[in-house]
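Remarks on the overall topology
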Amino acid sequence: MAEWTASKKRGALRVQLEPRLDVPPAWFPVAVSLGAVFVALILGGIVIAFSGGNPFATYAYIARASFGDIGVLSDTIVKATPIILTALACSIAFRMKLWNIGAEGQFIMGAWGASAVVLAPLLPPETTRWLFIPAMALAGFGMGGVWGLIPGYLKAKFNVNEIISSLMLNYIAVSWVNYWVFGVWSEGGFQMSPKFPTNASLPRLSDYAETIPFFRGLTTHAGLIFGILAAIALWFIVYRSRWGYEIRLIGDNPRAAKYAGINIVRNTILVMALSGALAGLGGVSEVAGVVRRLQTAPLNAGYGFTGIIVAWLAKLHPLAIILVSILFGALILAGREIQPSGIPKMIQGIILVCLIASDFLLRYRLRFTRGEVE
Amino acid sequence: MCTCFLVYLATSPLEHAVTANTTTDLQQPPLAVEMRGIVKRFPGVLANDHVNFELRAGEIHALLGENGAGKSTLMNILAGLYKQDAGTIKVKGKTLEFSSPRDAIKAGIGMVHQHFMLVPSQTVTENILLGLDEPRFLMRLQEYDKKIADLGDKYGLKVDPRTKIWQLSVGEQQRVELLKMLYRGADVLVMDEPTAVLAPQEIEGLFETLHSMVAQGKSVIFISHKLNEVASIADRVSVLRRGKVTASGVPAKGVSRQELASMMVGREVALAVDKKPKTPGEIILDVKDVHAENDKGLPCLRGLSLHVRAGEIVGIAGVAGNGQVELSQVIAGLRPCKKGQALLNGKKVSNRDTRYGIEHGMSYVPEDRTHVGSSPNLSVTDNVIMKNYRKPPISKGSMLDMSAATKFAQELKEAYDIIVPTVNTPVRLLSGGNLQRVILAREISGHPNFMVAVQPTRGLDVGAIEGVHRLLLTQREADAAVLLISEELEELIALSDRIYVIYEGRMMGEIKVEGAEPDKTLMDAIGLMMTGTPLEQIHMEGAPTHG
């Protein structure tokens, strides 16, 4: 054996990768994700330092600007609300390995559907809020669903690539809403519709400031309730319902699903429709809770695309999506406060890269060995 | 036990004996490969525990062992795919260290894997040149076509260099893999279970090729867990069990199959099964004149009729790819039936929703455990409820009762000896035998009155095979009708009450099996039928037949 040890650099540290053959404990993925965010913040800090800033001060400022007091926390939640719903939308489609990247368009169509109830008008302006809001939610849910169902149907019946079709439908959705905003529903030639009446808007916390003074100036609106309820409902669907079981089975192994007698065509259409509907509900929440009129620009702000990222980062888990969305809401909010304004975007990017890279640790084990001697 | 089909199809024993003598006894040539004290650890497993292995130049050396015995690990180390934790490798007397397969090939070691690494849309020549530095700039392919054709002629590896890979049969693709290694100048060829994917005729061809390569100075390591093949091809045998060597370079002629088997598993293995006489009941499955097409749209079943009665096991024998798998899919409703029909208890199941069969007592053990029979990233629980999640107590309205599902999985885990830390473990982490137990547990727990099992023991080790056989016989005892599709003739004869032989989607004949000790005439007859001779044209002496 002497020969062998001599040919080997004695004691050289080797890093070996081995596929994990066991299931890591439940806390492990969470710890790895938190570790990844921590590493990302350090890397981001280095970049900030190089660009002449003070990383600690910057992070402190970001934290203050998004979580510092109840007012900005409320703004963070406002930003997070549409992301929760679009991320839930993406998560259910991704769960079945349907790559719906049309949440952006489904979101806008949802907003349009809700607006149509007010502006067409399908209901008279003096309708009570208890009827108005559910009707708007239903219309937006339905319009988003239709926008998801189209690529779903094409995929299921004609095997049309849903990535392309759902992406293209985004552009159609924007043009469609533009048509209504610029033309039919335009307010005096401006690129926006008239403002919705109060009873067609989602209530904000500040609306109750007269009875509860603490709520003064807080913009968090009832759309958050949509988001949380949808997340809980989705959790039950995915992990506790027969349908969710079918979705998980098809997502993991469609051939096994077929063998178990599951109808893949029908589920493809249904899941895409549900995905679109959830994104549409996000549109309802944004148009009725924040914008309060139909207007393209604030609705076309990329919530659908952010939803894709958030869904992945949350590993498609409906409840984790709420937390990750709030983190992203904070970064969006801080983006307006930090100069140069690219910094929060950069941090967002670094976090994303680190989290995706950390996934590796869940599948492989690192082993450090010194050159062994017989 | 009988001599197997594969043995007498292989090259003549005489020629074989000559090769063995010249290489092993007379010259004592230098060692082509010498591995000493090889240790390789995987998490929780010691895959190779101080393994020594010697390969003489010009010999065929069989490396035998059960699944997970460490033979593939050892050979992957030799081929530079894994790195040993400890131990040395000498090639032609020189100590070498491999850090990649490239190094191993440079040293003249080429491995042909079980799953071929070929690009289907490219030609044979293109595949062989892939990854080499030649041709440097212009693709002068004709020149290389010629070179490769010559190389093929030299070693009896007939394959047209200009054909695209997808047009080739599995046997021909294997030849391309061999050519690839020979073109790279390999002197030592490692074949990882090369016969697992081949038809008997192709096996014969492969064995001839291996002999001719050895005659021209190459050395071959032949990984296998099939005892009969080892006896017919190898000069010497080494056996691994649980990472340790239990036999090192024993001459293949001097050792019986029983001895090899006990070295593999460490105890005497009963290859025969305990099948009690039983009178079959009424017809459960009735297949009438079924026609179907394969995945490429070509006819693969051409008017097949057969039936299975309650309480009998009916075997389907045939060389792989003659329509067996498609037959099972037609019965399960997974493949369209162009003409004719399959009836389960008198009700049509072909061209019908798969769910109908599932809900009417049909269970199906598919050939492909990981891609069809299970869902790798889902838990054991999720996998065992695949067939009964629509029924109470697992189903509760539109919801699933997860505690009932967990309880069900727990019961199966205990009843079927599924070795797994918890029922929440994803099944991709299970060994082949354990995964098969999960699938069988699921399929049997529904108390089927009809079961179709396709290659239920493929790739399992001897212990696991015994378990599967026992479970199939239990189904027979419980008066279920069992259709067993297998390429292991011994298994079919041991378990079946009747055997149908099919060839190119047509029925070649039906043979009644009486007693578990079939004679050579019977084996010969089945062999002939498997290669396309109908039963009527075979003159059998004394073998009981009907149909």
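Given the structure is predicted, the values throughout are model-derived calculations rather than measurements.

Things to note about the overall build of chain A
Looking only at helices and strands, chain A features 15 helices and two strands. A principal-axis box enclosing the C-alpha atoms of chain A has dimensions of 90 × 60 × 35 Å. A separation of at least 24 residues holds for 78% of the contacts in chain A among residues at least 6 apart in sequence.

Some words on the overall build of chain B
Per the secondary structure count, chain B includes 19 helices and 22 strands. Counting all 547 residues of chain B, 47% fall into the buried class. If you take every contact in chain B between residues at least 6 apart in sequence, the share linking residues at least 24 apart comes to 69%.

Notes on the packing of helix α5 (residues 103-119) of chain A against helix α11 (residues 264-291) of chain A
All names here are of chain A. Where α5 meets α11, the axes come as close as 6 Å, and the angle between the chain directions of the two elements is 55°. It follows from the interaxial angle that α5 and α11 lie oblique. Crossing handedness for the pair α5 and α11: right-handed. Across the interface between the two elements, Ala-103, Gln-106, Phe-107, Ile-108, Met-109, Gly-110, Ala-111, Gly-113, Ala-114 and Ser-115 of α5 pack against Gly-276, Ala-279, Gly-280, Leu-281, Gly-282, Gly-283, Val-284, Glu-286, Val-287 and Ala-288 of α11. In terms of residue class, the contact of α5 with α11 is made up of eleven nonpolar, eight polar and one charged.

Describing the domain arrangement of chain B
Partitioning chain B into domains gives domain 1 (5-108 + 187-264), domain 2 (281-361 + 447-466 + 476-547) and domain 3 (373-446). Inter-centroid distance (C-alpha atoms) of domain 2 of chain B to domain 3 of chain B is 28 Å.

Comments concerning the pairing of strand β4 (residues 86-91) of chain B
All names here are of chain B. Taking every second residue as pointing to the same face, the buried face of β4 carries Gly-87, Ile-89 and Val-91, while none of Ala-86, Thr-88 and Lys-90 on the other face is buried. For strand β1 (residues 31-42) and β4, the ladder comprises five bridges, and the chain directions are antiparallel. Residue Glu-34 lies in a different strand from β4, and its bridge partner there is Lys-90. The sheet contact formed by β4 and strand β5 (residues 94-96) spans three bridges and is antiparallel. Within the sheet, the bridge partner assigned to Ile-89 lies in β5 and is Leu-96.

Regarding the environment of A:Gln348
In this fold, A:Gln348 is placed in helix α15 (residues 342-363). A C-alpha to C-alpha distance of 9.3 Å links A:Gln348 and A:Gly44, two positions 304 residues apart in sequence.

Let's talk about the sheet that holds strand β11 (residues 283-293) of chain B
Residue and element names in this part refer to chain B. In space, the four strands of this open sheet follow the order β12-β11-β14-β15, with antiparallel pairing throughout. The open sheet has two free edges, formed respectively by β12 (299-309) and β15 (347-348), since each of these has just one partner strand. Direction of pairing for β11 relative to strand β14 (residues 339-344): antiparallel, over a ladder of five bridges. Residue pairing for β14: Asp-286 is matched across the bridge by Leu-343. Contacting β11, β12 and β14, helix α11 (residues 324-332) crosses the sheet at an angle of about 65° to β12.

Here's the deal with the pairing of strand β9 (residues 236-241) of chain B
All names here are of chain B. Most of β9 is tucked away, with five of its six residues classed as buried. Pairing geometry for strand β3 (residues 60-64) and β9, over four bridges, is parallel. Residue pairing for β9: Leu-64 is matched across the bridge by Val-239. Sheet topology places β9 next to strand β10 (residues 244-251); five bridges connect them, and they run antiparallel. Paired with Arg-236 across the bridge in β10 is Pro-251.

A look at the interface of chain B and chain A
Counting residues at the interface gives 35 residues for chain B and 25 residues for chain A. Contributing elements (two or more residues each) for the side of chain B that touches chain A: β1, β4, α12 (354-359), α13 (369-373) and β18 (399-400) of chain B.

Side note on helix α6 (residues 129-158) of chain A
Residue and element names in this part refer to chain A. The end-to-end C-alpha separation of α6 is 42 Å, in line with the 44 Å expected for 30 residues at 1.5 Å each. In α6, a bend of some 25° at Leu-149 exceeds every other bend along the element, and Pro-151, a proline, comes one to four places later. Following α6 by one or two positions, Asn-159 has its phi on the positive side, about 55°.

Here's the deal with the packing of helix α4 (residues 70-95) of chain A against helix α13 (residues 303-313) of chain A
Residues and elements named next belong to chain A. Look at α4 against α13: their axes get within 7 Å of each other, and the N-to-C directions meet at 60°. Between α4 and α13, the angle falls in the class oblique. α13 is crossed by α4, and the crossing has right-handed handedness. Between α4 and α13, the residues in contact are Pro-82, Ile-83, Thr-86, Ala-87, Ala-89, Cys-90, Ser-91 and Phe-94 and Tyr-303, Gly-304, Thr-306, Gly-307, Ile-308, Val-310 and Ala-311, respectively.

Structural notes on the nonpolar core
Of all hydrophobic cores here, the largest spans 194 residues; its most connected members are A:Leu88, A:Met136 and A:Ile321. Each of domain 2 (281-361 + 447-466 + 476-547) and domain 3 (373-446) of chain B accounts for three or more of the residues forming this core. Not counting chain neighbours up to four residues away, the residues in contact with A:Leu88 comprise A:Ala230, A:Ala231, A:Leu234, A:Leu278, A:Pro318 and A:Ile321.

Regarding the sheet that holds strand β13 (residues 313-317) of chain B
Residues and elements named next belong to chain B. The strand order β16-β19-β20-β13-β21-β22 describes an open sheet built from six strands, whose pairing is mixed. The two strands at the open ends of the sheet, each matched to only one other strand, are β16 (362-365) and β22 (506-512). Across the sheet, the axes of successive neighbouring strands diverge by a mean angle of 15°, strand direction being ignored. Bridge analysis of strand β19 (residues 450-454) against strand β20 (residues 481-485) gives five bridges, and the strand direction is parallel. The partner of Val-454 across the bridge, within β20, is Ile-485. The strands touched by helix α16 (residues 432-445) are β16 and β19; relative to β16, the strand with the most contacts, the crossing angle is about 170°.

Considerations on helix α17 (residues 462-477) of chain B
Residues and elements named next belong to chain B. Helix length check: α17, at 16 residues, gives a terminal C-alpha distance of 23 Å against a target of 22 Å (1.5 Å per residue), a fit within 8%. Of the positions making up α17, those classed as buried are Ile-465, Val-468, His-469, Leu-471, Leu-472, Gln-475 and Arg-476. Considered in projection along α17, the buried side chains sweep an arc of 160° and stay on one side of the axis. Of the exposed residues in α17, the ones pointing more than 90 degrees away from its buried face are Arg-470, Thr-474 and Glu-477.

Observations regarding unusual backbone geometry
Following A:Ala120, the chain continues into A:Pro121 via a peptide bond in cis, with omega recorded as -15°. Residue placement: A:Pro121 occurs in the loop between α5 and α6. Residue B:Pro393 follows B:Pro392 across a cis peptide bond; omega there is 5°. Here B:Pro393 lies in the loop between α14 (380-384) and β17 (395-396). A positive phi angle, close to 55°, is found at A:Lys315, a residue other than glycine. In this fold, A:Lys315 is placed in the loop between α13 and α14 (318-335). In this structure A:Lys315 comes out as partly exposed when scored by C-beta crowding, with 15 C-beta atoms within 10 Å. The backbone phi angle of B:Asp417 is positive, close to 55°, even though this residue is not glycine. Classification of B:Asp417 by C-beta neighbours within 10 Å gives exposed; the count is 12.

Considering the confidence of the model for chain B
Residue and element names in this part refer to chain B. When the pLDDT values of chain B are averaged, the result is 83; 88% of them are 70 or greater. Across chain B, β20 holds the top mean pLDDT of 96, while helix α1 (residues 5-9) sits lowest at 35. In the predicted structure, residues 1-26 sits below a pLDDT of 50 and forms 47 contacts with residues beyond four places in sequence or in another chain. Taken as a whole, residues 541-547 scores under 50 in pLDDT and shows 15 contacts with residues more than four places along the chain or in a different chain. Note on the complex model: pTM 0.75, ipTM 0.84.

Parameters at a glance
Residues numbered from 1 in each chain as written. Chains lettered and ligands numbered in written order. Predicted model: local features only at pLDDT ≥ 70, side-chain atom pairs only at ≥ 80, totals over all residues. Helix = DSSP H or I, 4+ residues; strand = E, 2+ residues; numbered from the N terminus. Contact = placed C-beta atoms within 7 Å. Buried ≥ 20, exposed ≤ 12 C-beta atoms within 10 Å, placed from the backbone. Axes fitted to C-alpha atoms, helices over the stretch in contact; angles between N-to-C directions. Parallel < 35°, antiparallel > 145°, perpendicular 65-115°, else oblique. Left-handed = near helix turned anticlockwise from the far one by under 90°. Nonpolar A, V, L, I, M, F, W, Y, C, P; charged D, E, K, R; others polar. Domains from an automatic or database assignment. Pairing = 2+ DSSP bridges. Expected span 1.5 Å × (residues − 1). Bend = angle between axes of the 7 residues up to and from the residue. Core = buried A, V, L, I, M, F, W, Y, C linked by C-beta atoms within 7 Å. Arc of directions from axis to C-beta. pLDDT = per-residue confidence, 0-100.

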